[in-house]
Every structure is written in structure tokens, then in C-alpha cells.
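Coordinate analysis (summary)
In case you want the letters, here they are:
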Protein chains: 2
Amino acid sequence: MRLATLEVNGSSTAAVEVNGLFVSLPAADVGALLKQPDWRQVVEAHLADEPAVSVRDADYRAVIPAPSKVLCCGHNYSEHIRELGRELPPFPTLFAKFADTLTGPYAELVLDGESTEIDWEAELAVVVGAEVYKCTPEEASAAIAGYTVANDVSMRDWQRRTLQWLQGKAFDASTPLGPVLVTADECSPESGLAITCTVNGEVVQEGCTSTLVFDAAALISYISTFTVLRPGDVVLTGTPGGVGMARKPPRFLADGDVLVTAIEGIGELRNRVRMPVREPVLN
Amino acid sequence: MRLATLEVNGSSTAAVEVNGLFVSLPAADVGALLKQPDWRQVVEAHLADEPAVSVRDADYRAVIPAPSKVLCCGHNYSEHIRELGRELPPFPTLFAKFADTLTGPYAELVLDGESTEIDWEAELAVVVGAEVYKCTPEEASAAIAGYTVANDVSMRDWQRRTLQWLQGKAFDASTPLGPVLVTADECSPESGLAITCTVNGEVVQEGCTSTLVFDAAALISYISTFTVLRPGDVVLTGTPGGVGMARKPPRFLADGDVLVTAIEGIGELRNRVRMPVREPVLN
């Protein structure tokens, strides 16, 4: 099943894709849907509903617009870590984002001129579908609702101001998430899905989800050691090589750039960067 | 005004202190109260209500039990930074906690044996009372609802597993917060409040809130540059010198230890540490 959160006639609704069209579900968004313990049956009961409607890019919201927790893992693609000549890490590097950090899969990324080093990080995102606490990787795997696409757009100048990355990772509406959640029965990242990021059509990142050091189940199990995860919580699993910061010379996003983030079998984000020019102050 | 979140007859309520007793307010907790734009008038209208009841330690919950955002600042007491021979930082070091990380002011801190390096960090916490985004320090100051006490109890072994501190700072129910929120009109941390932490009666931290490098208004203004803050959001402002990790030899908390965290004019947290011994596995 492919689920989306859509804005229809001015109100938000969860929806399921049927032959390229969408059928509304009885929940305001996919996060609220997943909080219903029988969410799979709820979706199945609506698969044949009419009307199934076509949607425009502008109708999509972040597939989970208001998770109670968003955790992110850094340094998690083994091919990228090995290419840097580093050892594989014994523990995942984790940091948090806020629900406000998320935005729609086709939203403009309006950045306000505070940062001049805006960088891309294509990521597989895993969405929790059942409550877990101190669970094994096997239990974690069973609790996964599905997968979606994220770009952990990062303000490198802010990220490097201090040792803690949060302030470069938590600008409001800077992390697109979507367009759909593909349920775990139809999506198997551990068997290898191509993940790519392009800027204005040029491929800047290419990776494969089978090379994650900590896969989705391992991350959820590890995180659940210290905090409970609930339906609708989101874990970003890290980015492969090719970020702008690591290029020589470094390359960052500019006003008007189009960032496309794709994962095989899930879909793609397409976001234009907008950096409003500040009016000069005349004395 | 001194506000608390209490568990009364099995349900949660915001309350205001009147002569050492508490009067219930029409909100489930102080966070929900602060979301009412006229919250000051709501409280004032109830100050003379009957009955005013006495409460036991066990009745207190975290004063803000479910903030949408909890941000924390590290390295923020100038006397401690100077004692370490370091320069004052140009930017605040920020990381996040989850609402689940918070617990009551007199709750037992039940830690599950995953960590053997449990450390204390007495902190002034500031609570936001009005929505702010890209605000000046003056606007931030006007948006402060008040102040409370926190202990950012930290699992140093987990904190140091990777460069990002989150996993050592986000164990569920490890950060006591309370017992009361003292509104900003009655509390002035920038003019200097004593902050202390004791373990089993021995003073381990002593500081003064006037030596914060980034005071409450500066932190809120800075954070609001990248993310909106809303009523009930909480910012922990950092800890003075004297943490267990920095001692020679290092000192950590043990099963049964009583941690008392106090700020002059606000009140004190009193938390017993519980580390259940794991049953040995018999083969």
C-alpha cells in the first residue's frame, strides 16, 4: 500500500493510492492513521471506495506532518565511510529534528538568508507503525509501518558553529518528507534500493540502501533502548556520499536550484530552493 | 504566581499556589494553561477559589509534562568555562530532548542498568509563554512565561559513544522538571539566583544564574532564528561546574542516591536514583 497525506478542499486527509489515483481515508494524516491499531484493515476497507481522485503536486503535505519524535542517524552508509578511509562505527550517531522541520515533498524550501551553506542529504526514512520500547531488531522489524523519502537539508555553517549539529538541522520547513509511505510488505530496503539526489538534473549522490551500517530495524531497536517509539514516529537513516560540503571545492545550494531526491520503488521529492534577497538597508 | 501540574484524584490539572496550598485551574497541565492566550487572567480569576488543597510530593508531575519542543544549551556558565581555561563561546551549543525525557520533581529516576555513568546537571529551565519566531532578545524576554528547575541527568557512557550527545540525554523519564513554574514577573535569573545540586546531602554543584553566557532571552531569540517556539516549550539553560564526569576520579550516581537540585526563589527537585539489579541468567 502507498499512503499519502493530502490537502483536499482545504483540509488534510490521509489517502491510499489506487492505480495512480487517491482514495481518502478516515484520518487527518498518515500519522493519525497509524495511531489506529487496525490501520491496515482500515486502509483495505477503503481500497475500492469512490471517488478516487487525481492529485497535483501542491496537494501533497509531508507524509507524516506531525510526528512526536524524529530521530536521524549520521555516518551510516558503509561505502561512503570506507571511501573516507574510516572504520565502521560501533554505535549509530543520533540527533533529533522537530516536527516543524518537516515540509511537503514538492514544497519550496524557503530559506531566509541566515545560511549561505545549504547542503543536501538524500535519506531513506522509516516510519514506526506500533509502539516499541527496548525491543529486539526482530520486534523492531515487525513494528515498521513502511518507508518514505527525506532530504535532511543541512545548514552547514550553523551545523559547524558548535559541536552539536542540531541548529544546522532544525530550520523550520527544511526537510521534505514523502511523497508516499510504502508499507513494509511492499518495500525492502535491506535488499537494496537505489537512492539518488540530483541538483538541477546533475546527479550529486548515488547510493544503495543495502549498504546501511545500521538498517531500519537495527536503528529502531537501538533507539528503543532509551526511548519509546510510537506509531508515526520517523527515523532518518543517514545519507550516502556526495554531499556538497565534502566536494572540492565545496558546493552549496543557490536560489532557484531544484533538488530531486529519489528512492527506487518509493518515489521522489522535488523541491526548489528559494533564498529571498534581503532588501539593502539605505541610510 | 507559582504554577504546578498536579495529579489530583487520578487526573492531571494545572494549579496555582496560594499560601502553600494549591487551587486547581481549568487546564490539564501548565503547558495546556499557557496555550490559552489570556492565561494570566485565567490564573488571577482563580486565585481566591476554594478549595485550596495541600499536596504531597507524589502528586507533582513534570510542571510541563508534554512540551512540543525541549531544547538544551551546553557550556553556558562563564565561571565554569573560565575555570576550564576556555574562551567564552560565540554561539550556544544546542541539542534536543523529547517530552518523554521529562519526569516529576520528586519522581524516582529508574535507570535500567544500560548506563553505568549516570551524572547530574542542575539547570535553570525557561518556559515560553507566547509564540515567537525570529524575535529579538527584547521580544523573547516579553514572551517568557517563567522559570523552573531541571536536572539534565546524563548517561555519560552513552553521550560519549558518538559525537552527538542526544542518546546520553534522552533516556525516558530521566530529566526531572519542576516543582513549580514561577512567572517571570516574580523571578529574575539575570540578577543572580543561586543554583545548587547535592548528592546525599553533599554539595556537588554551586553556581549563580547571573553568570550565564547566553541568558534566557538570548537563547530564545537565537533558537527562534531557525524554529518557532510556542507556549509551553522549554529551554534548559546549561549547568555550572561540578559535574561528576569532570571530577578526578570521575563520580557517578549509584542505586539509592538522592539528588537534590535547587534554585533560589523557585524551589527544589528531590529524586532518588533506582538502578534495578538485573536477574542473573541461569543456564
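In this text, all values refer to a predicted model and were calculated from it rather than measured experimentally. (Residues numbered from 1 in each chain as written. Chains lettered and ligands numbered in written order. Predicted model: local features only at pLDDT ≥ 70, side-chain atom pairs only at ≥ 80, totals over all residues. Heavy atoms only, no water.)

**With respect to the overall build of chain A**
The secondary structure content of chain A amounts to seven helices and 17 strands. Judged by the C-alpha coordinates and their principal axes, chain A covers about 60 × 50 × 30 Å. Evaluated residue by residue, chain A yields a buried proportion of 57% over its 283 residues. For chain A, the share of sequence-separated contacts (at least 6 apart) that also reach a separation of at least 24 residues comes to 74%. When the 22 basic and 38 acidic side-chain charges of chain A are each reduced to a single mean position, those positions are 6 Å apart. (Helix = DSSP H or I, 4+ residues; strand = E, 2+ residues; numbered from the N terminus. Buried < 20%, exposed > 50% of the residue type's maximum accessible area, 1.4 Å probe, protein only. Contact = heavy atoms within 4.5 Å. Lys, Arg positive; Asp, Glu negative; His and termini not counted. Charge placed at Lys NZ, Arg CZ, Asp CG, Glu CD.)

**Focus: the pairing of strand 13 (residues 194–199) of chain A**
Residues and elements named next belong to chain A. Both strand 13 and strand 14 (residues 202–208) contribute to a ladder of six bridges, which runs antiparallel. Paired with V199 across the strands is E202, a residue of strand 14. Between strand 13 and strand 14, which follow one another and run antiparallel, lie two residues, and N200 among them has a positive phi close to 50°. Relative to strand 16 (residues 258–263), strand 13 is paired through five bridges, and the arrangement is antiparallel. Bridge pairing links C197 to T261 in strand 16. (Pairing = 2+ DSSP bridges.)

**Section: the pattern of salt bridges**
Overall, the coordinates contain 32 salt bridges over all chains when judged by the stated rule. Three or more residues joined by partner-sharing salt bridges are found here, namely K97(A), D119(A), E121(A), D152(A), R156(A) and K169(A). (Salt bridge = Lys/Arg side-chain N within 4 Å of Asp/Glu carboxyl O.)

**Notes on the packing of aromatic side chains**
The full count for this structure, using the stated rule, is 16 aromatic pairs over all chains. Three or more aromatic residues joined by ring pairs form one cluster here, namely F91(A), Y222(A), F226(A), W158(B) and F171(B). The ring of F91(B) has R161(A) sitting right over it, with the charged end atom 4.0 Å from the ring centre. (Phe/Tyr/Trp six-rings, centres within 6.5 Å; stacked < 30°, edge-to-face > 60°. Lys NZ or Arg CZ within 6 Å of the ring centre and 35° of its normal.)

**Some details on the environment of L166(A)**
Looking at where L166(A) falls in the secondary structure, it is placed in helix 6 (residues 166–169). Judged by its relative accessible area of 4%, L166(A) is buried.

**Here's the deal with the interface of chain B and chain A**
With 31 residues of chain B in contact, the opposing surface of chain A contributes 32 residues. Counting each side, the surface lost to burial between chain B and chain A is near 3000 Å², with a carbon and sulfur contribution of 61%. On inspection of chain B and its partner chain A, the count reaches four salt bridges. The salt bridge partner of D100(B) is R230(A), with a shortest N-O separation of 2.9 Å. The tally of links between chain B and chain A comes to 20 residue pairs in polar contact (both at pLDDT 80 or more). Among the elements of the structure, strand 5 (93–97) and helix 6 (166–169) of chain B are those that each provide at least two residues to the side of chain B that touches chain A. Ranked by residue count, the leading element in the side of chain B that touches chain A is strand 5 of chain B, at four residues. Looking at the side of chain B that touches chain A, its residues break down into 17 nonpolar, six polar and eight charged. (Buried area = accessible area lost by both parts, 1.4 Å probe. Polar contact = N/O pair within 3.5 Å; in protein donor to acceptor, adjacent residues only side chain to side chain. Nonpolar A, V, L, I, M, F, W, Y, C, P; charged D, E, K, R; others polar.)

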